[in-house]
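# Coordinate inspection notes
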Amino acid sequence: MLGVWTTTQIRTAEDRLLARTPDGALMRKAAFGLATAVLDLLRERTGGTAGRRVTLLVGAGNNGGDALWAGVFLRRRSVAVTAVLLNPDRAHAAGLAALRRAGGRVSETLDDPDLVVDGIVGLQAHGPLRPAAAALVEQVEVPIVAVDLPSGVDPDTGAVDGPAVRAAVTVTFGARKPVHVLNTTHCGEVRLVDIGLGPELPDPDLIVLEPDDVGYAWRVPGPRDDKYTQGVTGIAAGSANYPGAAVLSSGAAVLATSGMVRYAGYAADVVRGRWPELVATGNVEDAGRVQAWVVGPGLGTGQAGRSILAAVLHEAVPTCVDADGITLLAANPALWDARDPDAPVVLTPHDREFARIAEPLGIKLGADRVAAARELAKRLDSVVLLKGNATVVAAPDGRTLVNPATSSWLATAGSGDVLTGLVGALLATGLDPWLAAGCAAWAHVRAGELAATADASATADEETGVPTPASRILEAIPGAIRAARSAVAAY
Ligand SMILES: NC(=O)C1=CN([C@@H]2O[C@H](COP(=O)(O)OP(=O)(O)OC[C@H]3O[C@@H](n4cnc5c(N)ncnc54)[C@H](OP(=O)(O)O)[C@@H]3O)[C@@H](O)[C@H]2O)[C@@H](O)CC1
Ligand SMILES: [K+]
């Protein structure tokens, strides 16, 4: 499990650490880690370091100070270093003097570098890049290493509202900040340099699940288990018009665990034809006992869908409500009020569904997606899984995890139906609903990666991936579970 801390938490911890550390020592430690990452990237890109050219973009604060001190360390490895000072009067004085002494030069232009270091702004960033910085960044044609975070991106929300740096690598210090998990597109690869902040940090504000966390949580059958003891998942999805959603969410549940799956709805014949291992009936009341329900994908928003949703909520077991189920709840608050408040609910909205259910409660989905998901989770006393490039999963008690995206290939029709089936199957195993939603989101991304690359060792970035229809994501679920389980075995 990885922790993520807000900038306020980090500043407080840094202040405590600074108070017991010799002047300038922390910055030099940070800068040494930064220089190491720059040297690695230079080697990777150009085959060497001596004589290579690095340009530092230096802003008005300590973020620029880090860049200048890294320049000093790079000079010691015979790298040609140029500093462009965006605010010469406020550039970090000691760092600048040290760089000059080490043979670095100051220029007003980029000077044809092999690599650029973004030390424009760090923890105190607010708003997009200012015009002078934006103009310089626009000219950069080589990879950028961001100091602490890519300038122009909000540190606490990852939001971008104008020109911003898009880094190949971001080198951060002491602890991960929200931007590093909420906006992987702008951060690129994130490297964490230890500056001894650990003992000063409180509990993290957010967490990110690692493969072994998911592997531990995933239910593995024991010798006494049968198809019932592992949790039965009920799927109430699909309609005459949308049988595909039923096939996909049922399939995800079938593949996720070895517990049984029951389907109830209008697509029973199609679903049974595709998944002979499940039991399909026409309606929820006849479906038999389940430990968790999935309701919503492809259900339609008319009277028939409304009745199915009401029947599922009446069952009072842990339930994942998705897609049309969320739209129906937003339009029929009485359904929500009538449910058993002790039966946990996981809502899995995309942005428009989120707005439908949250806006009547006065909750707006703005730049701060974590805050919005938390607020809705609290107000509805439910787990909220807000889909997006980074998926946010908030529990009513405030626990929040982020599942960062590795590519955008998962943004495809039917992908959400697969996720819903995974959530339902994990709920049926008795897992804590927040963890169930988080593990499902992790497996969904991993399955998407596997499907997009067809290579278990690869990460599906834009350069190596291929389009990935939802049925391929489905097929990759066993590979994703294997990846989580083998992380436990390797631990
Ligand atoms: N503390 C520590 O122990 C350690 C700290 N470390 C490092 O210090 C960094 C934090 O440094 P910091 O506090 O000096 O602020 P920093 O982010 O450089 O901002 C400077 C000024 O920039 C401005 N500005 C704001 N927005 C802007 C924008 N969009 N575009 C352009 N400019 C903008 C704004 O000034 P304004 O112009 O608004 O008056 C602001 O005051 C941290 O990220 C890490 O790298 C490491 O060395 C480890 C040890
Ligand atoms: K920066």
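Bear in mind that the values here come from a model prediction, so they are computed numbers and not experimental data.

## Some remarks on the pairing of strand β7 (residues 169-173)
Taken across its five residues, β7 has five buried, putting it largely inside the fold. Side chains of β7 alternate between two faces, with Val169, Val171 and Phe173 and Thr170 and Thr172 buried alike. By the bridge criterion, three bridges tie strand β6 (residues 144-147) to β7 in an arrangement that is parallel. From the neighbouring strand, Ala146 faces β7, where its bridge partner is Thr170. One ladder, built from five bridges, connects β7 with strand β8 (residues 189-193); its direction is parallel. Opposite Val169, over in β8, you have Glu189 as the bridge partner.

## Some thoughts on the coordination of the potassium ion (ligand 2)
Looking at the metal site, the potassium ion (ligand 2) is ligated by Asn63 (OD1), Asp118 (O), Val121 (O), Val147 (O), Leu149 (O) and Ser151 (OG), spaced 2.7 to 3.0 Å from it. Geometry at the potassium ion (ligand 2) is irregular, judged from its six donor atoms and the angles of 68 to 166° they form at the metal.

## Digging into the nonpolar core
Buried together is how nonpolar side chains tend to be arranged in soluble globular proteins. Counting residues in each nonpolar core, the largest one holds 61 residues, and the members touching the most others are Trp218 and Tyr263. Sorting elements by how many residues they give to this core places helix α17 (residues 433-453) first, with twelve residues. Apart from residues lying up to four places away in sequence, Trp218 is in contact with Ala256, Thr257, Leu422, Leu426, Cys439, Ala443, Ile481 and Arg485. Membership of the second largest hydrophobic core comes to 46 residues, among which are Leu42, Ala67, Leu115 and Val145.

## What to know about the UniProt feature "binding site: AMP" (unreviewed entry) in the chain
Per the UniProt record, "binding site: AMP" (unreviewed entry) is found at Lys387, Gly388, Asn389, Ala390, Thr391 and Gly416. Judged by maximum C-alpha separation, these annotated positions cover 30 residues in sequence but sit close together in space, the widest gap being only 13.9 Å. Topologically, Lys387 is positioned in the loop between β16 (383-386) and β17 (391-394). Here Lys387 is in contact with Asp322, Thr348, Pro349, His350, Asp351, Arg369, Gly416 and Leu419, once residues within four sequence places are set aside. Reaching out from Lys387, the side chain makes a polar contact with the side chain of Asp322 at a distance of 3.2 Å. Note that Gly388 resides in the loop between β16 and β17.

## Brief notes about the sheet that holds strand β2 (residues 53-58)
The sheet built from seven strands is open, its strands ordered β4-β3-β2-β5-β6-β7-β8 with parallel pairing. Each edge of the sheet is formed by a strand with only one pairing partner; in this case those strands are β4 (105-107) and β8. Ignoring which end each strand starts from, the neighbouring axes of this sheet average 25° apart. Bridge analysis of β2 against strand β5 (residues 115-119) gives five bridges, and the strand direction is parallel. Bridge pairing in β5 links Thr55 to Val116.

## Description of the packing of aromatic side chains
All told, the structure shown has one aromatic pair when counted by the stated rule. Aromatic side chains Phe32 and Phe73 sit 5.3 Å apart centroid to centroid with 85° between the ring planes, which places their arrangement in the edge-to-face category. Separated by 41 residues along the polypeptide, Phe32 in helix α2 (residues 25-46) and Phe73 in helix α3 (residues 62-76) bring together distant segments of the chain. Lying over the aromatic face of Trp69, Arg28 brings its terminal NZ or CZ to 5.2 Å of the ring centre. Above the face of the Trp336 ring, Arg339 is positioned so that its terminal group lies 3.9 Å from the ring centre.

## Quick word on the site of ligand 1
If you check the shell around ligand 1, you find 22 residues, and the closest are Asn62, Asp66, Gly122, Arg130 and Asp148. Within the backbone of Asn62, an N or O atom sits 2.8 Å from an oxygen atom of ligand 1. In the environment of ligand 1, a nitrogen atom lies 3.0 Å from a nitrogen or oxygen atom belonging to the backbone of Pro128. Surface burial for ligand 1 is 85%, taken as the share of its 950 Å² of free accessible area covered by protein chains. Counting only elements with at least two residues in the shell around ligand 1, the list comes to α1 (7-19), α2 and α3.

## Some remarks on the environment of Leu123
Mapped onto the fold, Leu123 is located in the loop between β5 and α5 (131-139). We classify Leu123 as buried; its relative accessible area is 13%. Distance from Leu123 to Pro155, taken between C-alpha atoms, is 6.4 Å for residues 32 residues apart in sequence.

## Notes on the confidence of the model for the chain
When the pLDDT values of the chain are averaged, the result is 95; 98% of them are 70 or greater. Scoring of the predicted complex yields 0.95 for pTM and 0.97 for ipTM.

## Considering the domain arrangement of the chain
According to the domain assignment, the chain consists of domain 1 (2-201) and domain 2 (211-490). Facing the seven residues of domain 1 at the interface are ten residues of domain 2. Between domain 1 and domain 2, the buried area comes to about 610 Å², and carbon and sulfur atoms account for 60% of it. When the buried area of domain 1 at its contact with domain 2 is split by residue, Thr157, Val181 and Leu182 rank highest and sum to 61% of it. Counting across the domain 1 and domain 2 interface gives zero salt bridges.

## Looking at the packing of α3 against helix α4 (residues 93-101)
For the pair α3 and α4, interaxial distance at closest approach is 8 Å and the crossing angle is 20°. What the angle tells us is that α3 and α4 run roughly parallel. Both α3 and α4 take part in a crossing whose hand is left-handed. Residues Leu68, Trp69, Gly71, Val72 and Arg75 of α3 form the contact with α4, whose participating residues are Ala94, Gly95, Leu96, Ala98 and Leu99.

So, how was this worked out
- Residues numbered from 1 in each chain as written.
- Chains lettered and ligands numbered in written order.
- Predicted model: local features only at pLDDT ≥ 70, side-chain atom pairs only at ≥ 80, totals over all residues.
- Heavy atoms only, no water.
- Buried < 20%, exposed > 50% of the residue type's maximum accessible area, 1.4 Å probe, protein only.
- Helix = DSSP H or I, 4+ residues; strand = E, 2+ residues; numbered from the N terminus.
- Pairing = 2+ DSSP bridges.
- Donors = N, O, S within 2.8 Å, 3.2 Å for Na, K, Ca; no water.
- Tetrahedral: all angles 85-135°; square planar, octahedral: opposite > 155°, others 65-115°.
- Core = buried A, V, L, I, M, F, W, Y, C linked by side-chain atoms within 4.5 Å.
- Contact = heavy atoms within 4.5 Å.
- UniProt positions renumbered as here; feature names shortened; annotations may be inferred.
- Polar contact = N/O pair within 3.5 Å; in protein donor to acceptor, adjacent residues only side chain to side chain.
- Axes fitted to C-alpha atoms, helices over the stretch in contact; angles between N-to-C directions.
- Phe/Tyr/Trp six-rings, centres within 6.5 Å; stacked < 30°, edge-to-face > 60°.
- Lys NZ or Arg CZ within 6 Å of the ring centre and 35° of its normal.
- Near = heavy atom within 4 Å.
- Areas by Shrake-Rupley, 256 points an atom, 1.4 Å probe, with all protein chains shown as cover.
- pLDDT = per-residue confidence, 0-100.
- Domains from an automatic or database assignment.
- Buried area = accessible area lost by both parts, 1.4 Å probe.
- Salt bridge = Lys/Arg side-chain N within 4 Å of Asp/Glu carboxyl O.
- Parallel < 35°, antiparallel > 145°, perpendicular 65-115°, else oblique.
- Left-handed = near helix turned anticlockwise from the far one by under 90°.

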